[in-house]
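# What the coordinates show
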Amino acid sequence: MAVVSWKEVLLLAGLVVGCYWNSLSCGFVFDDVSAILDNKDLRPSTPLRNLFLNDFWGTPMSEERSHKSYRPLTVLTFRLNYIFSELKAASYHLLNVVLHAVVCVLFLRVCRLFLDNISSLVAALLFAVHPIHTEAVTGVVGRAELLSSIFLLAAFLTYTRSTGADHSIVWTPIALTVVLVAAATLCKEQGITVVGICCVHEVFVAQGFTLPVLLDTILQVFRGKDGFPYTVLQTVLKLIVLIISTLLLVIVRVQIIQSQLPFFTRFDNPAAVSPTPARQLTFNYLLPVNAWLLLNPSELCCDWTMGTIPLVESPLDLRNLATITFYTLLGLLAYHSLRYSHSSAKTVIMALSLIVLPFIPASNLFFPVGFVVAERVLYVPSMGFCVLVAHGFRIVSHKRQLKKISWLMIGVLLTTHAVKTFNRNWDWESEYTLFTSALKVNKNNAKLWNNVGHALENQNNYEKALQYFVQATQVQPDDIGAHMNVGRTYKNLNKSKEAEDAYLIAKSLMPQVIPGKKYATRVAPNHLNVYINLANLIRTNDSRLEEADQLYRQAISMRPDFKQAYISRGELLLKMNKPSKARNAYLRALQLDRTNPDLWYNLAIVSIEMKEPSEALKNFNQALELNPRHKLALFNSALLMQESGEAKFRSEANRRFLSYVEEEPDDANGYFNLGMLAMDANENPEAERWMQKAIALQAGFRSALFNLALLYSQSKRELEALPVLDELLLHHPEHVKGLILKGDILMNHKKDTHGAKACFERILHMDPTNVQGKHNLCVVYFEERDLPRAARCLEETLALAPNEEYVRRHLNIVRGKMAAMSAAGQPLSSEEGAKEPAEQEQEQGRGGMERLLEEASTGSDKNARKSSAAGLRAEGEDQSEALESSQADKSTKEIKDIEKKRAAALKRLEEIERILSGD
């Protein structure tokens, strides 16, 4: 076997980089979204074993909706990409380009087995630049083709070394071949077809059989005239080992997919559900269509499903001529290669085996697949095509009169293909560019119109997206998904009536429910979302909640394993104040999927609604065990621990809030609750830092502003609290407790009775029945020595709160002072004469400094409801000064009694409120 030189490696690598360097600027498009962005198996938090339990898209293989594509090694490389660069698309594309270069080098090694150095290099160069490969190389999910091809070629090259110099069997390469075949299959299913390629090579190349000789040998053996020659026995033994190992791989594969084929709709592959002869004629016609894409890749399309290729429904359809021509040419090539034993025949038979065998799984001839034509599945078959082209080039170039023109043509071919590949890469830059380029090739595919609409929808361009969705319904009127897209877009445009009409059209296209009949084999899971979407729309109207529930139950009756229906119904039942039924819905969903952290989270929310905090905490912990970075579970479980008031939970609650802010560094609520925990622990500097962080992220954060001011006040830094309160009242001018705290500070620490009066009067302007504001205003009047007004004010306050003893006591004090001053002939107000010093008594008021319960946050994700949140406590004392009248002739005993009463008042316990508010 001729080796590959470093110059050839550099040439191939340079050509690949030249053709594909612009792919590094492309994003995640089309199937990349499901395989990369939405696939939880890529995240380090997901157990590695899930890669071997789930399909290529992260769906458990046990679920009926699974695609049954088992490619754990490919997903493992995605996971490695994620570890190094998370979701930066450039790194994923870069690795694809590198893998394509590796495939080109291995392919060159394979070509050296059948072609001379120049022809094999031509084949490898053509393979490197062929435009049909853009989907496999530039599309990130095409990595399955690249990895499978690497192991496929490596397995074939290894197998070619299984015959020793004396024609004996070398078992080590055969064992290694089996391992490489298994690896190729774990990258993509078609990898197993390399066994067939190895068998063809063993019989027709290594052993040199032609079809006539092979048939004659078999006949001689069956007639008993001669025994098996030793070389034939060795060949049979090697083939038996390969075939048995292949059967074992197939059995394991069938067990993994649980003996189920994936479900595809007639929109994915219309011919698959068509009657005879349309099904057979269409599937056979698809073979020349694929061959034409290899010959003339001028019009490439990312999606060939639905109406892209109309069905061939009649034998009289002219397209059948293409099918006949294809089979004729294929038959002639096969006849030439199988009948003769010269090197040209061996080259052709290996080229045909590379074309035909890897394509069989995607041909639809033996079992239906989820597509009509897919350019990426031509990645390996194009190797055989390139060998045929290079072989033809070798034959033509050996003719002197055609040598120059053959070189010119191959140069033009390589150049045009390289330019086409480079330009085609730009189509994969974004979903919008990809699908609009596809519409230029085919306007009869409703899926393409839908996908352009999705791309515009992701840009929030709903008006234009709606035009494409409507066009999809016109191209394919019975496309349920298109009508659902129209409904969703109308909903985004706040046109509920139009949205409901569109959903109803989609619903009318669904099979009618017949009690007791199972629809799992007829209804695509995505189409059942029409019931979910319609129910979600109408449940915004409280008078139609029962109607929405009926739709959820209808979806469940059509597919009892429809997990999302149970989840959505659980949310609705919570809204209907039926928590026990909601719990049953979530428990049913958990029977279908116990590894879904969102389900455990929602179950925790139900437990909170049912006043079962310990059970809620258990469910939160279960969600975090499955996904330690589950943001909602982190936040709300920490909040639940914080609100419990138990010191044993404080450390863990703090850890979870810290984890939450790592996940959501821009959410002020996380920092706010960290501040509240620090205040609980009397860690004032830490509390101040967290509160300031929350305020910096969310201007006007009322809870953070008030509690920071309260923290300053409790720390004897009242003057620092004033600018914080000013900011609070700037954003929330009706914040009563902020006004009270500001008034207290102005009166007690700045002696600014005018400013304090303005605060209390503003409170009474908003709420004339506010006892606390009214009482504190009375104190201001007393501070201003306006005793008659203070007395009237306290009388009015007592009328509002006749059971408040402290108001009655203060009124008696003022009245006593007024009586004493009248007896002494002193003026009763500052405006009536000279002031006389008076004794002051510190009396404790009600509810001066309080921490208010504010709603920290609300929100939801696809499968989870967020509990509202931050439990601020109300605590503190309001020291309102009140002057106590003291007669000059009072006895010492009476003064002592007054002092005892004052001491008892100062010992009053501070009031603590804890109010929970829910979403």
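Residues numbered from 1 in each chain as written. Predicted model: local features only at pLDDT ≥ 70, side-chain atom pairs only at ≥ 80, totals over all residues. Heavy atoms only, no water.

## Some details on the overall build of the protein
Across its full length, the protein holds 39 helices and 4 strands. The proportion of buried residues among the 919 residues of the protein is 53%. Pairs at least 24 apart in sequence give 67% of the contacts found in the protein among residues at least 6 apart. In the structure as shown, the protein presents an accessible area of about 41,400 Å², 58% of it carried by carbon and sulfur atoms. (Helix = DSSP H or I, 4+ residues; strand = E, 2+ residues; numbered from the N terminus. Buried < 20%, exposed > 50% of the residue type's maximum accessible area, 1.4 Å probe, protein only. Contact = heavy atoms within 4.5 Å. Areas by Shrake-Rupley, 256 points an atom, 1.4 Å probe, with all protein chains shown as cover.)

## Things to note about the nonpolar core
Ranked by size, the top nonpolar core spans 239 residues in total, and within it Phe107, Tyr379 and Met383 carry the most contacts. For phenylalanine 107, the contacting residues outside a window of four places in its chain are Ala123, Ala124, Phe127, Leu153, Met383, Cys386 and Val387. Counting residues in each nonpolar core, the second largest holds 13 residues, with Phe28, Leu51, Phe78 and Val140 among its members. (Core = buried A, V, L, I, M, F, W, Y, C linked by side-chain atoms within 4.5 Å.)

## Notes on the state of the cysteines
Taken as a whole and judged by the stated rule, the model has 1 disulfide. Here cysteine 778 engages in a disulfide with cysteine 793; their sulfurs sit 2.0 Å apart. Between cysteine 778 and cysteine 793, the disulfide has an S-S torsion of -80° and is therefore left-handed. On the criterion of sequence distance, the pair formed by cysteine 778 in helix α36 (residues 771–783) and cysteine 793 in helix α37 (residues 787–800) is long-range, its members being 15 residues apart. Neither cysteine 778 nor cysteine 793 differs from the other in exposure class; each is buried. No disulfide involves cysteine 19; its sulfur sits 9.4 Å from that of cysteine 104, the nearest cysteine. Distance from the sulfur of cysteine 198, which forms no disulfide, to the nearest cysteine sulfur (cysteine 199) is 7.0 Å. (Disulfide = S-S within 2.5 Å.)

## Points about the packing of helix α3 (residues 72–85) against helix α7 (residues 143–159)
Following both chains from N to C, one finds α3 and α7 inclined at 115°, their axes separated by 9 Å at the closest point. α3 and α7 meet at a crossing whose hand is right-handed. Between α3 and α7, the contacting residues are Leu73, Thr74, Thr77, Phe78 and Asn81 on the first element and Arg143, Ala144 and Leu147 on the second. (Axes fitted to C-alpha atoms, helices over the stretch in contact; angles between N-to-C directions. Left-handed = near helix turned anticlockwise from the far one by under 90°.)

## Describing the pattern of salt bridges
Close approach of charged atoms allows side chains of opposite charge to pair. If you walk through the whole model with that rule in mind, you get 34 salt bridges. The closest approach of N and O atoms between arginine 319 and aspartate 317, which form a salt bridge, is 2.9 Å. When its relative accessible area of 21% is taken as the criterion, aspartate 317 is described as partly exposed. Salt-bridge contacts for lysine 648 lead to glutamate 646; the nearest nitrogen and oxygen are separated by 3.4 Å. For glutamate 646, a relative accessible area of 37% corresponds to the partly exposed category. Several salt bridges share partner residues, and in doing so they unite Asp31, Glu135 and Arg376 into one network. (Salt bridge = Lys/Arg side-chain N within 4 Å of Asp/Glu carboxyl O.)

## Quick word on unusual backbone geometry
Here threonine 276 and proline 277 are connected by a cis peptide whose omega angle stands at 5°. Summarising the element assignment, proline 277 is placed in the loop between α11 (230–256) and α12 (278–295). One non-glycine residue, asparagine 460, lies in the positive phi region at around 65°. Within the fold, asparagine 460 resides in the loop between α18 (446–458) and α19 (462–475). Overall, the relative accessible area of 54% leaves asparagine 460 in the exposed class. Non-glycine residue lysine 611 carries a positive phi angle of around 60°. Looking at the secondary structure, you find lysine 611 in the loop between α26 (597–609) and α27 (613–626). Accessibility expressed as a relative area gives 70% for lysine 611, which makes it exposed.

## Focus on helix α23 (residues 545–558)
Think of an α-helix as 3.6 residues a turn; residues three or four steps apart then line up on the same face. The end-to-end C-alpha distance of α23 is 20 Å, a good match for the 20 Å that 14 residues give at a rise of 1.5 Å each. Along α23, the positions that sit buried rather than exposed are Leu545, Ala548, Asp549, Leu551, Tyr552, Gln554, Ala555, Ile556 and Met558. Summarising the contacts, the buried residues of α23 are in contact with α21 (496–508), α22 (529–538) and α24 (563–575). (Expected span 1.5 Å × (residues − 1).)

## Notes on the side chain of glutamate 457
Its place among the elements puts glutamate 457 in helix α18. Reaching out from glutamate 457, the side chain makes a polar contact with the side chain of arginine 488 at a distance of 2.8 Å. The contact partners of glutamate 457, leaving out residues within four places of it in the chain, are Tyr462, Ala465, Phe469, Arg488, Thr489 and Asn492. (Polar contact = N/O pair within 3.5 Å; in protein donor to acceptor, adjacent residues only side chain to side chain.)

## Section: the side chain of serine 353
Here serine 353 is to be found in helix α14 (residues 343–356). The exposure class of serine 353 is buried, given its relative accessible area of 5%. In this structure, serine 353 is in contact with Ile197, Val200 and Pro358, ignoring residues within four places of it in sequence.

## Quick notes on the layout of surface pockets
The volume enclosed by the second largest pocket comes to roughly 1,200 Å³. What lines the second largest pocket is a set of 40 residues, and nearest its centre among them are Leu287, Pro288, Ala291, Trp292 and Phe326. The residue inventory of the lining of the second largest pocket, partitioned by class, reads 30 nonpolar, 9 polar and 1 charged. (1 Å grid on protein atoms, 1.4 Å probe; cavity = no way out; pocket = protein on both sides within 12 Å on 5 of 7 lines; lining within 4 Å. Points joined across faces, edges and corners; volume = space filled by probe spheres on them. Nonpolar A, V, L, I, M, F, W, Y, C, P; charged D, E, K, R; others polar.)

## A word on a nonpolar patch on the surface
A surface patch of nonpolar side chains, amounting to about 530 Å² of accessible area, comprises Tyr327, Val356, Ile360, Leu365, Phe366 and Phe367. Mapped onto the elements of the fold, leucine 365 is located in the loop between α14 and α15 (381–397). (Patch = residues over 30% accessible without salt bridge, like charges linked within 9 Å, V, L, I, M, F, W, Y side chains within 5 Å.)

## Examining the packing of helix α1 (residues 6–20) against helix α16 (residues 400–427)
For the pair α1 and α16, interaxial distance at closest approach is 8 Å and the crossing angle is 45°. Taken together, the axes of α1 and α16 lie oblique to each other. Residues Gly18, Cys19 and Tyr20 of α1 pack against Ala418, Thr421, Phe422 and Asn425 of α16. (Parallel < 35°, antiparallel > 145°, perpendicular 65-115°, else oblique.)

## Structural notes on α21
Here α21 spans 18 Å end to end across 13 residues, near enough to the 18 Å set by a 1.5 Å rise per residue. Here the buried face of α21 lies against α20 (480–492) and α22.

## Comments concerning the packing of aromatic side chains
Applying the stated criterion across every chain, the model contains 17 aromatic pairs. Between phenylalanine 28 and tyrosine 92 the ring centres are 5.1 Å apart and the planes differ by 80°, which places this aromatic pair in the edge-to-face class. In this pair, phenylalanine 28 is assigned in the loop between α1 and α2 (31–37) and tyrosine 92 in helix α4 (residues 89–111), connecting sequence segments 64 residues apart. Each member of the pair, phenylalanine 28 together with tyrosine 92, is buried. Through a chain of ring-to-ring contacts, three or more aromatic side chains come together here, namely Trp21, Phe422 and Trp426. The side chain of arginine 71 reaches across the aromatic face of phenylalanine 56, ending 4.9 Å from its centre. Just above the ring of tyrosine 285 sits the side chain of arginine 319; from NZ or CZ to the centre is 5.3 Å. (Phe/Tyr/Trp six-rings, centres within 6.5 Å; stacked < 30°, edge-to-face > 60°. Lys NZ or Arg CZ within 6 Å of the ring centre and 35° of its normal.)

## Structural notes on the confidence of the model for the protein
For the protein, the average pLDDT comes to 84, and 86% of its residues sit at 70 or higher. Contacts for the low-pLDDT stretch residues 831–919, under 50 throughout, to residues beyond four places or in other chains number 224 contacts. (pLDDT = per-residue confidence, 0-100.)

## A look at the environment of alanine 548
Along the polypeptide, alanine 548 turns up in helix α23. Through-space distance from the C-alpha of alanine 548 to that of asparagine 533 is 9.8 Å; in sequence the pair is 15 residues apart. Once residues lying within four places of it in the same chain are set aside, the contact partners of alanine 548 are Ala535, Ile538, Arg539 and Leu572.

## Section: the environment of valine 137
Following the sequence through the fold, valine 137 ends up in helix α6 (residues 134–138). According to the relative accessible area criterion, valine 137 is buried, its value standing at 0%. For the pair formed by valine 137 and leucine 94, sequence separation is 43 residues and the distance between their alpha carbons is 9.5 Å. Non-local contacts of valine 137, meaning those with residues more than four positions away in its chain, are made with Tyr20, Asn96, Val97, His100, Leu146 and Tyr379.

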